[in-house]
Amino acid sequence: MRVAVVGSGPAGFYATDDLLAAGAQVDLLERLPTPWGLVRLGVAPDHPELKSASRVFEKTAAKEGFRFFGNVEVGRDVTHAELTRLYDAVVYTVGAQTDRRLGIPGEDLPGSWAATEFVAWYNGHPDHQHLEFDLSDPRAAVVGNGNVAIDVARILARTEAELAPTDITERSSAAIVASTIGEIVMLGRRGPAQAAFTPPELKELGELGGADVIVDPAELELDPASAAALEADRARARRNVDILRDFAARTPAGKRKRLVLRFLVSPVRIVGEEKVEAVEIVRNRLVLGDDGRIRAVPTDTFETIPCGLVLRSVGYQGVALPGLPFDESRGVIPNDRGRVAGLPRVYCAGWIKRGPSGVIGTNKKDAAETVEALIADAEAGALACEGGELGALLRERGVEFVDYAGWEAIDAHERALGEAAGRPRVKLTSRDELLAQARALESRQ
Ligand code: NAP
């Protein structure tokens, strides 16, 4: 059985591993010259323990039957229809490639960015290195209360010494260190008991070398529905509230930066003539809906927070793929336990299957469910293909793809640069540099 897996992030690697274990040959396709998806380009550089997931991926790649095709984009270099002819089955694990919008006036003013763009920039994503972030205003606002919001707020608050031993790009590290931002304000639309971030990530904000964390105790007061929900369970929410109460009780130490966590406020307008000058927020109250969900409802109390940078961090959003069905409202490929609706022999896993939630490990179970469905279909005799060779097709088209040895050459080069600089790696940040490094290997062979 020959299977193409499209997208080499965690879901792609976990699916690949399960498929290899079932005896399949797997070609893992990736749009970028480098594998690992958000483990390389999303996980914060100061969280090396999360990046260690890549060691599991390396073990998968060393297994019999695995091949990597980096720098190959489905829809540009090879079509979905061609893949279904070449392979018995195709599994899409492409993640959620864009950001959710706030839908408020001023959202597109210069200085208002999707947090995902900032993340991609500081992590060395080749498609985002041309971005210019103006970090010269005294204040930045981060909209959202998830772990990505925490990541970008924390990275903005980091000191030179804290960034030095990470694999953040040198350019972004220098810009953050030189920035004159003295206050970072995180804006949560609901209360502390509804925050999406997780306790270890929240706790870390209280341990920053160069920033005091500031919480107004008045914004931690729980409405009856939140208090009841907290009583009922929610270990995560309870721990978050405890940590926030500890933050609120602290006396600021007078560090260079302040990281202010606000709750029950929503941006209604980003204000500015030619660029962001402020964000206007409305105070919310919480209402328990019939569905049991606690919602934020605006009051008539408004406030304006002057700031020159807004990072909108309200979740990722999946993008439709040519030739595949798409559920616009949820941003996912409609599927039944990973079987793509209406398309035999086509499957999906990860964020494009279930939406952008969960941690890296969540994708393991998710991918296992998809592969189980695929294997069941194989056993039922439902999989078949015309045959052919992807490598030959790409060469015929002049597509320069990076195989696994090519990636290993890039990896070794980056690690060697890192060793000299006291960092885990120094990333190559342009496609040209990455391809040249992979090519250098071919000429040595
Ligand atoms: P997320 O966890 O879904 O959080 C999105 C946040 O945006 C929520 O607080 C949400 O509030 C808020 N929001 C949504 N629409 C809004 C609006 N119109 N106005 C104001 N706020 C709005 O998404 P994420 O932070 O992008 O993270 C994605 C996934 O990656 C999560 O599962 C996360 O845990 C994971 N992740 C993990 C780590 C880590 O483990 N260290 C790091 C980064 C990301 P409501 O709750 O009110 O909707």
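Our subject is the structure that appears above.
Being a predicted model, the structure only gives us computed values, none of them experimental. (Residues numbered from 1 in each chain as written. Predicted model: local features only at pLDDT ≥ 70, side-chain atom pairs only at ≥ 80, totals over all residues. Heavy atoms only, no water.)

(A) Structural context of the overall build of the protein. Counting its secondary structure elements, the protein contains 17 helices and 18 strands. What you see for the protein is a C-alpha radius of gyration of 23 Å, in line with the 22 Å of a compact globule of 445 residues. Once the C-alpha set of the protein is aligned to its principal axes, its extents read approximately 65 × 55 × 40 Å. Out of the 445 residues in the protein, the part that is buried amounts to 54%. Taking as baseline every contact in the protein between residues at least 6 positions apart, the subset at least 24 positions apart corresponds to 73%. As displayed, the protein has an accessible area near 19200 Å², and 52% of this comes from carbon and sulfur atoms. Counting 54 positive and 66 negative side-chain charges, the protein places the centres of these two groups 2 Å from one another. (Helix = DSSP H or I, 4+ residues; strand = E, 2+ residues; numbered from the N terminus. Rg over C-alpha atoms; globule rule 2.2 N^0.38 Å. Buried < 20%, exposed > 50% of the residue type's maximum accessible area, 1.4 Å probe, protein only. Contact = heavy atoms within 4.5 Å. Areas by Shrake-Rupley, 256 points an atom, 1.4 Å probe, with all protein chains shown as cover. Lys, Arg positive; Asp, Glu negative; His and termini not counted. Charge placed at Lys NZ, Arg CZ, Asp CG, Glu CD.)

(B) Representation of the nonpolar core in the model. Counting 45 residues, the largest nonpolar core has Phe118, Leu156, Leu202, Leu205, Phe247, Leu261 and Leu311 as its most contacted members. Among the secondary structure elements, those contributing two or more residues to this core are helix 6 (115-122), strand 7 (139-143), helix 7 (147-157), strand 8 (183-187), strand 9 (211-215), helix 12 (235-249), strand 10 (257-262) and strand 14 (309-312). For this core, the element with the highest residue contribution is helix 7, accounting for 7 residues. Those residues in contact with Phe118 that sit more than four places away from it in its chain are Phe133, Val152, Leu156, Ile176 and Leu311. With 36 residues, the next largest nonpolar core counts Val3, Val26, Leu434 and Leu435 among its residues. (Core = buried A, V, L, I, M, F, W, Y, C linked by side-chain atoms within 4.5 Å.)

(C) Structural detail: the packing of aromatic side chains. Throughout the structure, instances matching the rule amount to 13 aromatic pairs. Plain terms: the ring middles of Phe118 and Tyr122 are 5.2 Å apart, the flat faces sit at 85 degrees to each other, and that makes the pair edge-to-face. One end of the pair is Phe118 and the other is Tyr122, both in helix 6 and 4 residues apart, which spans about a single turn. Note on accessibility: Phe118 and Tyr122 belong to one class, buried. Ring centres of Tyr316 and Trp351 lie 5.0 Å apart, and the angle between their planes is 55 degrees; this geometry places the pair in the tilted category. One end of the pair, Tyr316, is in strand 15 (residues 316-317); the other, Trp351, is in helix 13 (residues 351-354), and 35 residues separate them in sequence. Grouping aromatic residues by their ring pairs yields a cluster made of Phe13, Tyr14, Phe57, Phe66, Phe68 and Tyr404. (Phe/Tyr/Trp six-rings, centres within 6.5 Å; stacked < 30°, edge-to-face > 60°.)

(D) Structural context of the sheet that holds strand 8. Across the sheet, 6 strands lie side by side as 6-14-7-8-10-9; this open sheet has parallel pairing. Looking along the sheet, the strands with just one partner apiece sit at the ends: strand 6 (112-114) and strand 9. Between one strand and the next, the sheet's axes are offset by a mean angle of 20 degrees, whatever the strand orientation. In the sheet, strand 8 pairs with strand 10 via 5 bridges, with the strands oriented parallel. Within strand 10, the position partnered with Val185 by the bridge is Val260. Across the face of the sheet, helix 7 comes into contact with strand 7, strand 8, strand 9, strand 10 and strand 14 while running at roughly 175 degrees to strand 8. (Pairing = 2+ DSSP bridges. Axes fitted to C-alpha atoms, helices over the stretch in contact; angles between N-to-C directions.)

(E) Highlighting the site of the ligand. For the ligand, the set of nearby residues contains 23 residues, the closest of which are Asn147, Arg189, Arg190, Glu201 and Gly358. Within the side chain of Arg190, a nitrogen or oxygen atom sits 2.7 Å from an oxygen atom of the ligand. Here an oxygen atom of the ligand sits 2.8 Å away from a polar atom, N or O, in the main chain of Gly358. Within the complex, the protein chains bury 82% of what would otherwise be the 920 Å² of accessible surface of the ligand. At 3 residues, the largest contribution of residues to the shell around the ligand is made by helix 7. Partitioned by chemical class, the residues of the shell around the ligand number 9 nonpolar, 8 polar and 6 charged. (Near = heavy atom within 4 Å. Polar contact = N/O pair within 3.5 Å; in protein donor to acceptor, adjacent residues only side chain to side chain. Nonpolar A, V, L, I, M, F, W, Y, C, P; charged D, E, K, R; others polar.)

(F) Representation of helix 14 (residues 362-379) in the model. With 18 residues, helix 14 should cover 26 Å at 1.5 Å per step; its first-to-last C-alpha distance of 26 Å lies within 8% of that length. If you check which residues of helix 14 are buried, you get Asn363, Asp366, Ala367, Thr370, Val371, Ala373, Leu374, Ile375 and Asp377. As for helix 14, its buried residues are in contact with strand 1 (2-6), helix 1 (10-21), strand 4 (89-92), strand 17 (339-340), strand 18 (346-348) and helix 13. A positive phi of about 80 degrees marks Gly381, the residue just after helix 14. (Expected span 1.5 Å × (residues − 1).)

(G) Representation of the layout of surface pockets in the model. Its boundaries defined by the atoms lining it, the second largest pocket holds a volume of some 340 Å³. Pro48, Lys51, Asp167, Pro424 and Arg425 are, among the 18 residues lining the second largest pocket, the residues nearest its centre. At the level of elements, helix 2 (38-41), helix 3 (48-51) and helix 4 (53-61) are the ones that each hand at least two residues to the lining of the second largest pocket. Here the lining of the second largest pocket gets 3 residues from one element, more than from any other, and that element is helix 4. Grouping the constituent residues of the lining of the second largest pocket by class yields 6 nonpolar, 3 polar and 9 charged. (1 Å grid on protein atoms, 1.4 Å probe; cavity = no way out; pocket = protein on both sides within 12 Å on 5 of 7 lines; lining within 4 Å. Points joined across faces, edges and corners; volume = space filled by probe spheres on them.)

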